2 protein chains.
Amino acid sequence: MGEDMHQYPKLDEYIESIRPQFEERLAAFVEIPTVSMDPEHRADIDRGADLAVELLKEIGVTAEKAPTDGYPCVVGELIQDRRYQTVTIYNHLDVQPADPAEWQQEPFKFTKEGDRYGGRGTTDDKGPALTALYAVRYAVEQHIPLNFRFLWELEEEIGSPNFDSFLKSRAKTMKTNSVVISDTVWINRSQPAVPYGLRGLLTLTFTLETGTKDVHSGLTGGAARNPIGELCKLIDQCYDATTGRVKIPGFYEDVVPLKKEQLESFLASGFDLEHFCKAHGLKSLRSNDAATVIKAIMSRPTFEVHGITGGYVGAGVKTIVPYRAEAKISCRLVNDMKVDKTFKLIKKFVKAKNPDVQVIAHASSPPYLGQFEGKYADAAREAMRYAFGKTPAFTREGGTIGACTSMEKYLKVPLTFLGLSLPEHGYHAPNENYDWQQTCGGIKMFTRYFDIISRF
Amino acid sequence: MGEDMHQYPKLDEYIESIRPQFEERLAAFVEIPTVSMDPEHRADIDRGADLAVELLKEIGVTAEKAPTDGYPCVVGELIQDRRYQTVTIYNHLDVQPADPAEWQQEPFKFTKEGDRYGGRGTTDDKGPALTALYAVRYAVEQHIPLNFRFLWELEEEIGSPNFDSFLKSRAKTMKTNSVVISDTVWINRSQPAVPYGLRGLLTLTFTLETGTKDVHSGLTGGAARNPIGELCKLIDQCYDATTGRVKIPGFYEDVVPLKKEQLESFLASGFDLEHFCKAHGLKSLRSNDAATVIKAIMSRPTFEVHGITGGYVGAGVKTIVPYRAEAKISCRLVNDMKVDKTFKLIKKFVKAKNPDVQVIAHASSPPYLGQFEGKYADAAREAMRYAFGKTPAFTREGGTIGACTSMEKYLKVPLTFLGLSLPEHGYHAPNENYDWQQTCGGIKMFTRYFDIISRF
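Residues numbered from 1 in each chain as written. Chains lettered and ligands numbered in written order. Predicted model: local features only at pLDDT ≥ 70, side-chain atom pairs only at ≥ 80, totals over all residues.

Looking at this structure, how should I read the overall build of chain A?
Of regular secondary structure, chain A possesses 14 helices and 18 strands. Computed over C-alpha atoms, the radius of gyration of chain A comes to 23 Å, within 12% of the 23 Å expected from 2.2 N^0.38 for 456 residues, which places it in the range of a compact globule. A total of 456 residues make up chain A; the buried ones form 57% of that total. Of all intrachain contacts in chain A linking residues separated by at least 6 positions in sequence, the fraction that spans at least 24 positions is 80%. (Helix = DSSP H or I, 4+ residues; strand = E, 2+ residues; numbered from the N terminus. Rg over C-alpha atoms; globule rule 2.2 N^0.38 Å. Buried ≥ 20, exposed ≤ 12 C-beta atoms within 10 Å, placed from the backbone. Contact = placed C-beta atoms within 7 Å.)

Quick look at the structure:
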């Protein structure tokens, strides 16, 4: 370690020196509620993109707010020398919605308590985006021979519906040797993790309308169909909620079995059942076996119910028979499952069980499986080791980053995941936060990584 | 019929003569929004009760606004002679809430179009209450030898939470030989109906908490329990939503089988599947057989899901795993089912299937089954025939009037249901209305009924 610390002149001092700026910028970003899921935040998305362009320009990046068929994408380039290798840094600046009732602070107010930064978007993904940005600034100041491109998306949280066509049309002007994505979560603060795969996602709604208005359950109950009851039955036909096992025929057909060494690497991530439950506030799990749990998240597909609308949801019990119900469903997918094939399987199954249910596909993204070994994987290993003092575990993410498949397809280069979020950061949850420790380590990690790949 | 018309001197003239008063009084009542479900209408409930007392006094009734532990109850007596039989007339003056967006008129503005009276409460139950009142006035003027008591409740629409204890404490001062309740709905305008039973009601919540906050379904999905999924499974274990059949062992044990002549009487009510679906805006039913449908409503218990809270219910699909879900459930009960026994059966079943689910009982009311035959039933038959020209069908109500069981328990006398509402009156629905035809017929019906029972 001693030797390592001398490789990058005054890196610690640099990091300390930029802390006030970093916090000020992060605050500015967090306080723009760039909620891509809610059309009312359209203007905020634009303001967020404008701020991003401004920030990139400040450190010498040629940047623009590029239109897509949906929300804009911020693109930037900092070409030091055409002969250098080029790395593309992907982050996203849109955030999840936040219900103030569930938060202990205002979600879109930046807070600082010691080294902890609170607010929606701090860890997903504004904090990591700025961490990478300040590492680039240092790398450029230190003349690390590498060119940089930035791809800051504003539709990631809605499944990147326009990123694919956007990238397809721009890929020729975005030549790069690799992509680094900083939007993933470690398993344990004390053990860095580098994911090499992501689950895909297929989101769906099941809608059933059996009438035109809520009716009195005394006057009609027993004769009237109950759309919530029927959706409950259908959901139970689709999967066993106790075990999570999907009952739709063919669902698991294309799942590639996990190899022994891959499972061992998952288990080396510092995964701990108690810690996992505590971090996510889970009272119990479907299984108490760590290997079963980690496999379920990293390498198995799911069927999930996110909510059921319709009927009466106020205090007490209002005895109406609802006329309409909608279940919000998703499936996480793993290689080699296909989005279309899975959707068709589900739709066919639902139509056979309850022909009146409308099945509509919303955002989707195929699963991604990258390299477990090779020079980029080695560079990631060394960068994490350098910054955090431990060789990282190679894991897979249970989540989905829709943009990855598009980047793989059009940029045709390796993708590396250098995430900085921790389980306790409340990713997609109330009281989201990020912290200065991960910022410091992150800047070091990126610096080391840029240095290594500049020599490829 | 010719002979009948002469039994009551100048009854038609009397009815025509009181029409302006009747309309003026009904307007005054309708324009006081006595919405018991909304605490903001507390003062209106009081004003409604005051107006009722005033009105009763006008026709010589000794009346008072009697306090209960909730909203007051209006009680009155008109004792002509202690030796006479006494009848107690039950109505309620509180009304359902009304959402002006769903109405074609202002809900709490009385409107008159020809013989049709519009406004919340016109048919449920202010119109029928005034109809009975004007019949009492005529009966007294004609010296029909009968004493009258009035019980006008102001908490019926919230399940009569204080009526039982109120009546228990007052029953001794309310001696009566029978009760007549005018708060039920015919099946068809062209066929009078006299219900002789009501379903009971048991309302419940099933609550399951598997965590402390909503979490990301990428980070936890597959391992985390899903409380909505588990409640769906549980609900499907409780009943088959397609057929409505309850699967909880023992649920149907105490259901008294329907007799052939009882079903025939249900079918004689003018029940029509198409009309039923249209009236309630139902696109399809669990069965297309009229006898099955009418039995399901009038004489079979139900399991109903009114809503499921928890998770994401906004636009699109937010991929969280919810931490908590609550299902709003009710069962309509029929004789001889017991509220407590049914609750225990359900609770035991749920605990066996999913021990983490909390089962909580909310408002409840036992079923009521009165006389299909006997002197009061015969009096009701003859009164309806006299007033509307057709022998009524003896039906049962699918709904629940919580006060009935209390009156049976403490007054210990027969209850007779002489309802005047029609399906097209929009009972509990937008654009509620009542009409002058039912008022005229109703005054005649009550007059004849009072006359008959005065001779018991």
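Past the structure itself, the notes keep going.
Would you explain the relation of the copies chain A and chain B in this entry?
Between the two copies of the chain lies a relationship made up of a rotation around an axis and a movement along it. At an RMSD of 1.6 Å, chain A and chain B line up after a rotation of 178° and a shift of 1.5 Å along the axis. Classification of the inter-copy transformation places it as that of a two-fold axis. Minimal C-alpha distance to the rotation axis in chain A is attained by C232 of chain A, lying at 1.8 Å. Take the interface residues of chain A: 91% of them recur as interface residues in chain B, which is what a same-surface contact looks like. (Least-squares fit on C-alpha atoms with pLDDT ≥ 70 in both.)

Looking at this structure, how should I read the packing of helix α12 (residues 375-388) of chain A against helix α14 (residues 436-454) of chain A?
When two helices pack together, their arrangement is captured by the angle between the axes and the distance separating the axes. Residue and element names in this part refer to chain A. Closest axis-to-axis distance for the α12/α14 pair is 8 Å, and the angle between their directions is 145°. Regarding α12 and α14, the two cross each other, and that crossing is right-handed. Here A379, A380, E382, A383, M384, Y386, A387 and F388 of α12 lie close against α14, whose contacting residues are G441, K444, M445, R448, Y449, I452 and I453. (Axes fitted to C-alpha atoms, helices over the stretch in contact; angles between N-to-C directions. Left-handed = near helix turned anticlockwise from the far one by under 90°.)

Would you explain the domain arrangement of chain A in this entry?
It is common to give the size of an interface as the accessible area lost on bringing the parts into contact. All names here are of chain A. As assigned here, chain A comprises domain 1 (2-198 + 367-454) and domain 2 (200-255 + 300-365). Relative placement of domain 1 and domain 2: their C-alpha centres are 35 Å apart. With 10 residues of domain 1 in contact, the opposing surface of domain 2 contributes 11 residues. Classifying every residue of the side of domain 1 that touches domain 2 by side-chain character gives four nonpolar, six polar and no charged. (Domains from an automatic or database assignment. Nonpolar A, V, L, I, M, F, W, Y, C, P; charged D, E, K, R; others polar.)

Explain the interface of chain A and chain B to me, please; I cannot follow it from the model alone.
Contact residues are listed per partner, giving 76 residues for chain A and 71 residues for chain B. Contributions of two or more residues to the side of chain A that touches chain B are made by β9 (200-209), β10 (215-216), α6 (217-220), α7 (227-238), α10 (290-298), β11 (304-309), β12 (320-321) and β13 (324-333) of chain A. A per-element tally of the side of chain A that touches chain B places α7 of chain A first, with seven residues. Split by residue class, the side of chain A that touches chain B holds 29 nonpolar, 31 polar and 16 charged.

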